[in-house]
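# Residue-level structural notes
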Amino acid sequence: MSKHIAIIGGGNLGSAIAEGLLKSKFNKPSEITITRRNTVALNFLKEKGILITDDNNEAVQKSDVVILAVKPFQVADVLTEIKNKLDSSKIFISVVTGVTISEIENIIQQKLPLFRAMPNTAIAIQQSMTCICSKDATTKEVDYVNDLFDKLGSVVTIDEKLMEAATILGACGIAYALRFIRANIQGGIEIGFDAATASLIAAQTVKGSAELLIQTGRHPEQEIDKVTTPKGCTIAGLNEMEHRGFSSSLIRGVVASYKKIAKD
Ligand SMILES: NC(=O)c1ccc[n+]([C@@H]2O[C@H](COP(=O)([O-])OP(=O)(O)OC[C@H]3O[C@@H](n4cnc5c(N)ncnc54)[C@H](OP(=O)(O)O)[C@@H]3O)[C@@H](O)[C@H]2O)c1
């Protein structure tokens, strides 16, 4: 029998998780309850058979799995509200950025399987990269949570101390990759393509490059060697990009984002 899932905070991420679970058939619509205060904004999920409510306690009480997807500043209030409905039979998963397992424990004051998951916005199309850590969970519970997020993309288990780094590389990484694609589109238009064609070529080429690495497990440079003919156009362009600080600027950007999240 599958578990009933409550998603507390049906905003961008919470709704995307609900839609992904439906599309993947991980759960039946009637086995998912999603909450927010403005429930009208959840009508599109209600039409698909998902249960919607503004009552967090009711949602938690009837669920085996609770996914917390509110903003970080809303966590304390929501956890205080629902803590009496939580117990050790429920799996608790927080997708909230920057709130630690020990901060959650301090508020709920009880022991239950606790998970933090860091997905990215590609979860809406079941292509998320989700980094997961846990405390007090059995192997069966870990397998269940990995399976849940596996239906929404790929999963990797990490130590909690790497959660901020996961936020940068995985969640912010979407923005870095999209800026790279946008720059290619701008270049593509300058060398003759209309915007729509340039967008398709740039996006599909990046998708293909990523799949080459994921499916073969090779290092990027092995694939780069295949397209860099001696004295050719690829190496001329690549070297010019490197002279202009391409790799260096990307690394510095990742580190600048990390310093910001670590400081705030
Ligand atoms: N977006 C991402 O790429 C991403 C990736 C990884 C992690 N995260 C994390 O995921 C969390 C949600 O992000 P988001 O982008 O989905 O934010 P969001 O769109 O603002 O969603 C938060 C939702 O929580 C609801 N909410 C607020 N107070 C509530 C309460 N007392 N009871 C029930 N629902 C309540 C809000 O709706 P009402 O105002 O109608 O109640 C809102 O829809 C954040 O903590 C973020 O750090 C996001």
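About the thresholds
Residues numbered from 1 in each chain as written. Predicted model: local features only at pLDDT ≥ 70, side-chain atom pairs only at ≥ 80, totals over all residues. Heavy atoms only, no water. Patch = residues over 30% accessible without salt bridge, like charges linked within 9 Å, V, L, I, M, F, W, Y side chains within 5 Å. Areas by Shrake-Rupley, 256 points an atom, 1.4 Å probe, with all protein chains shown as cover. Salt bridge = Lys/Arg side-chain N within 4 Å of Asp/Glu carboxyl O. Lys, Arg positive; Asp, Glu negative; His and termini not counted. Charge placed at Lys NZ, Arg CZ, Asp CG, Glu CD. Helix = DSSP H or I, 4+ residues; strand = E, 2+ residues; numbered from the N terminus. Near = heavy atom within 4 Å. Polar contact = N/O pair within 3.5 Å; in protein donor to acceptor, adjacent residues only side chain to side chain. Axes fitted to C-alpha atoms, helices over the stretch in contact; angles between N-to-C directions. Parallel < 35°, antiparallel > 145°, perpendicular 65-115°, else oblique. Left-handed = near helix turned anticlockwise from the far one by under 90°. Contact = heavy atoms within 4.5 Å. Pairing = 2+ DSSP bridges. Buried < 20%, exposed > 50% of the residue type's maximum accessible area, 1.4 Å probe, protein only. Phe/Tyr/Trp six-rings, centres within 6.5 Å; stacked < 30°, edge-to-face > 60°. Lys NZ or Arg CZ within 6 Å of the ring centre and 35° of its normal. Right-handed = clockwise from strand over helix to strand, strands pointing away.

### A word on a negative patch on the surface
- On the surface, a cluster of negative charge is contributed by Asp 54, Asp 55, Asp 77 and Glu 81.
- Within the secondary structure, Glu 81 sits in helix H4 (residues 75-82).

### Structural notes on the site of the ligand
- Around the ligand, a shell composed of 22 residues is seen, among which Leu 13, Arg 36, Arg 37, Val 70 and Thr 97 lie nearest.
- Within the side chain of Asn 56, an N or O atom sits 3.0 Å from a nitrogen atom of the ligand.
- Measuring from an oxygen atom of the ligand, one finds a backbone N or O atom of Val 95 at 3.5 Å.
- Here the ligand loses 84% of its free accessible area of 880 Å² to cover by the protein chains.

### Some points on the packing of H4 against helix H5 (residues 101-108)
- Where H4 meets H5, the axes come as close as 9 Å, and the angle between the chain directions of the two elements is 45°. With respect to their mutual orientation, H4 and H5 come out oblique. The two elements H4 and H5 cross, and the hand of that crossing is right-handed. Across from Ala 76, Leu 79 and Thr 80 in H4, the residues of H5 making contact are Ile 104, Ile 107 and Ile 108.

### Remarks on the sheet that holds strand S3 (residues 51-53)
- Spatially, the eight strands line up as an open sheet ordered S3-S2-S1-S4-S5-S6-S7-S8, and their pairing is mixed. The sheet terminates laterally at S3 and strand S8 (153-157), the two strands that pair on one side only. Strand-to-strand, the axes of this sheet are offset by a mean angle of 20°, without reference to chain direction.
- Two strands pair when backbone bridges link them, and strand S1 (residues 5-8) and strand S4 (residues 65-68) are joined in this way by four bridges, in the parallel orientation. In the sheet register, Ile 8 faces S4, and the bridge partner there is Leu 68.
- Each of S1, strand S2 (32-35) and S4 touches helix H1 (residues 12-23); the most contacted strand, S2, lies at about 165° to it.
- Relative to strand S6 (residues 114-118), H5 is tilted by about 135°, and along the sheet it contacts strand S5 (91-94), S6 and strand S7 (128-135).

### Thoughts on the pattern of salt bridges
- Inspection of every chain in the model, using the stated rule, returns ten salt bridges.
- With a closest N to O distance of 3.8 Å, Glu 31 and Lys 28 form a salt bridge.
- The exposure class assigned to Glu 31 is buried, which follows from its relative accessible area of 13%.
- We note a salt bridge from Lys 151 to Asp 147, for which the minimum N-O separation is 2.9 Å.
- Where salt bridges share partners, they join Arg 218, Glu 223 and Lys 226 into one cluster.

### Observations concerning a nonpolar patch on the surface
- The grouping of Ile 191, Phe 193 and Ile 201 at the surface amounts to a nonpolar patch, some 310 Å² of accessible area in total.
- Its place among the elements puts Phe 193 in the loop between helix H7 (163-190) and helix H8 (195-216).

### With respect to the packing of aromatic side chains
- Across all of its chains, the model carries two aromatic pairs by this definition.
- Considering the side-chain rings of Phe 180 and Phe 246, the 6.1 Å spacing of their centres and the 50° angle between planes classify their relative orientation as tilted. A residue pair is termed long-range when its members are at least 10 positions apart, and Phe 180 in helix H7 and Phe 246 in helix H11 (residues 246-263) qualify at 66 residues.
- Phe 180 sits in the partly exposed class, given a relative accessible area of 35%.
- One residue, Lys 3, lies across the ring of Tyr 144, its end atom 5.4 Å from the ring centre.

### Remarks on the pairing of S7
- Note: S6 against S7, five bridges, orientation antiparallel. The residue of S7 that forms the bridge with Met 118 is Cys 131.
- The sheet contact formed by S7 and S8 spans five bridges and is parallel. Bridge pairing links Ile 132 to Thr 157 in S8.
- In the classification by handedness, the crossover that spans S7, the intervening helix H6 (residues 139-150) and the parallel S8 is right-handed.

So, to be careful, I would describe these as geometric facts and stop short of saying anything about function.
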